[in-house]
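# Understanding the architecture of this molecule
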Amino acid sequence: MKPAVRPATIEDTQAISALHREAFVRQQASDLWVQATLSAYPRLLPFVLVLDGQIAGYIFWAQKSGIRPAATLELDQIAIAARHQGHGYGEHLIRESLALATASLHGTGQTLKSILVSTRADNAAQRLYAKVLGAKVVASIEGLYSATEVIMLADMTGGTSGSTSPSS
Ligand SMILES: CC(C)(COP(=O)(O)OP(=O)(O)OC[C@H]1O[C@@H](n2cnc3c(N)ncnc32)[C@H](O)[C@@H]1OP(=O)(O)O)[C@@H](O)C(=O)NCCC(=O)NCCS
């Protein structure tokens with residue numbers, strides 16, 4: 001059975017913070033970061049992956065540049081517990097949470113125009129974003145955080161410009 005994906009709540013702060021601490025060793029104050037994120041709906045749309053009753057992953061989607069009729073969502077942050085990586089859970093979490101986030105946008109009369117995601121140029125997550133979202137590298141910024149960062153974009157309108165739509 002596939003693990004459940006559900007919206008995150010403030011009660012999930014500790015569990016998500018533990019995953020954040022493990023996954024992003026260059027970042028500090030995990031509790032504060034996660035708490036601030038979970039308090040920022042609808043600017044931030046947070047979800048968790050629940051495996052055997054435990055939170056084994058999280059994803060934060062962010063609405064960019066205001067509440068727009070045609071929204072651009074940024075995949076702000078994702079992590080799967082190290083011991084559970086490489087089993088397709090990251091892909092599952094992106095797909096399921098995106099469906100929930102899109103439904104949430106529709107509930108407020110918005111549509112999803114595009115998805116933005118950035119990652120370190122040397123992070124294999126690039127392949128994940130290309131595969132699941134159809135995102136393509138559109139820019140790279142040298143030295144943005146700890147190294148060169150690539151900016152990826154996916155067109156979610158089904159049009160021909162930009163990137164392809166994700167396979168489902
Ligand atoms: C990135 C991350 C969320 C992926 O989660 P995951 O559950 O391990 O990924 P999946 O098993 O769903 O992999 C799906 C696809 O992603 C790609 N992928 C994921 N991790 C990869 C890796 N380490 N090396 C190469 N490809 C990888 C593959 O294309 C894979 O598809 P395939 O199975 O057809 O080869 C996870 O590795 C993680 O939490 N990393 C630490 C935090 C991080 O770097 N987050 C992203 C910051 S931008």
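Residues numbered from 1 in each chain as written. Predicted model: local features only at pLDDT ≥ 70, side-chain atom pairs only at ≥ 80, totals over all residues. Heavy atoms only, no water.

In the nomenclature of an unreviewed UniProt entry, the chain is known as GNAT family N-acetyltransferase of Pseudomonas rubra.

## Description of the nonpolar core
Among the nonpolar cores identified, the biggest contains 31 residues, and W61, L75, I94, Y129 and L133 are the most heavily contacted of them. For this core, the secondary structure elements donating two or more residues are β2 (44-51), β3 (54-63), β4 (70-80), α3 (89-107), β5 (111-120), α4 (125-133) and β7 (149-155). No other element matches the 6 residues that α3 contributes to this core. Counting residues in each nonpolar core, the second largest holds 14 residues, with V34, L38, V48 and A81 among its members. (Core = buried A, V, L, I, M, F, W, Y, C linked by side-chain atoms within 4.5 Å. Buried < 20%, exposed > 50% of the residue type's maximum accessible area, 1.4 Å probe, protein only. Helix = DSSP H or I, 4+ residues; strand = E, 2+ residues; numbered from the N terminus.)

## What about the UniProt feature "domain: N-acetyltransferase" (unreviewed entry) in the chain?
As annotated in UniProt, the feature "domain: N-acetyltransferase" (unreviewed entry) corresponds to residues 3-157 in the numbering used here. Within residues 3-157, the helical portion is 31% and the strand portion 36%, while the C-alpha atoms at the span's ends are 28 Å from each other. (UniProt positions renumbered as here; feature names shortened; annotations may be inferred.)

## Re the packing of aromatic side chains
Using the criterion set out here, one finds 1 aromatic pair in the structure. Relative to F60, the ring of Y58 lies with its centre 4.8 Å away and its plane at 40°, an arrangement referred to as tilted. In this pair, the class of Y58 matches that of F60, namely buried. (Phe/Tyr/Trp six-rings, centres within 6.5 Å; stacked < 30°, edge-to-face > 60°.)

## Details of the site of the ligand
The immediate surroundings of the ligand are formed by 21 residues, with I80, G86, G88, G90 and K131 found nearest. Within the backbone of G86, a nitrogen or oxygen atom sits 2.8 Å from an oxygen atom of the ligand. Within the backbone of G90, one N or O atom sits 2.8 Å away from an oxygen atom of the ligand. Protein chains bury 71% of the 910 Å² of accessible surface belonging to the ligand in isolation. Looking at the shell around the ligand, the elements that each hand over two or more residues are β4, α3, β5 and α4. Here the shell around the ligand takes 5 residues from α4, the largest share from any one element. Looking at the shell around the ligand residue by residue, the class counts come to 10 nonpolar, 8 polar and 3 charged. (Near = heavy atom within 4 Å. Polar contact = N/O pair within 3.5 Å; in protein donor to acceptor, adjacent residues only side chain to side chain. Areas by Shrake-Rupley, 256 points an atom, 1.4 Å probe, with all protein chains shown as cover. Nonpolar A, V, L, I, M, F, W, Y, C, P; charged D, E, K, R; others polar.)

## Here we look at the confidence of the model for the chain
The share of residues in the chain with pLDDT of 70 or more is 94%, and the mean pLDDT across the chain is 93. The model gives residues 160-168 a pLDDT under 50, and that stretch makes 23 contacts with residues more than four places away or in other chains. (pLDDT = per-residue confidence, 0-100. Contact = heavy atoms within 4.5 Å.)

## Quick word on the pattern of salt bridges
Once their charged atoms are close, side chains differing in charge can pair, the charge on each being opposite to the other. For the structure shown, the criterion picks out 6 salt bridges. One salt bridge connects R21 with D31, and the closest N-O pair in it is separated by 3.5 Å. Of this pair, R21 sits in helix α1 (residues 13-23) while D31 sits in helix α2 (residues 30-38), and the two are 10 residues apart along the sequence. R21 gets classed as partly exposed once you look at its relative accessible area, which sits at 43%. With a closest N to O distance of 2.9 Å, E74 and K64 form a salt bridge. Here E74 is found in strand β4, whereas its partner K64 is found in the loop between β3 and β4, with 10 residues between them in sequence. Of the residues examined, E74 reaches a relative accessible area of 14% and is grouped as buried. By sharing partners, the salt bridges in this structure join E91, R95 and K131 into a single network. (Salt bridge = Lys/Arg side-chain N within 4 Å of Asp/Glu carboxyl O.)

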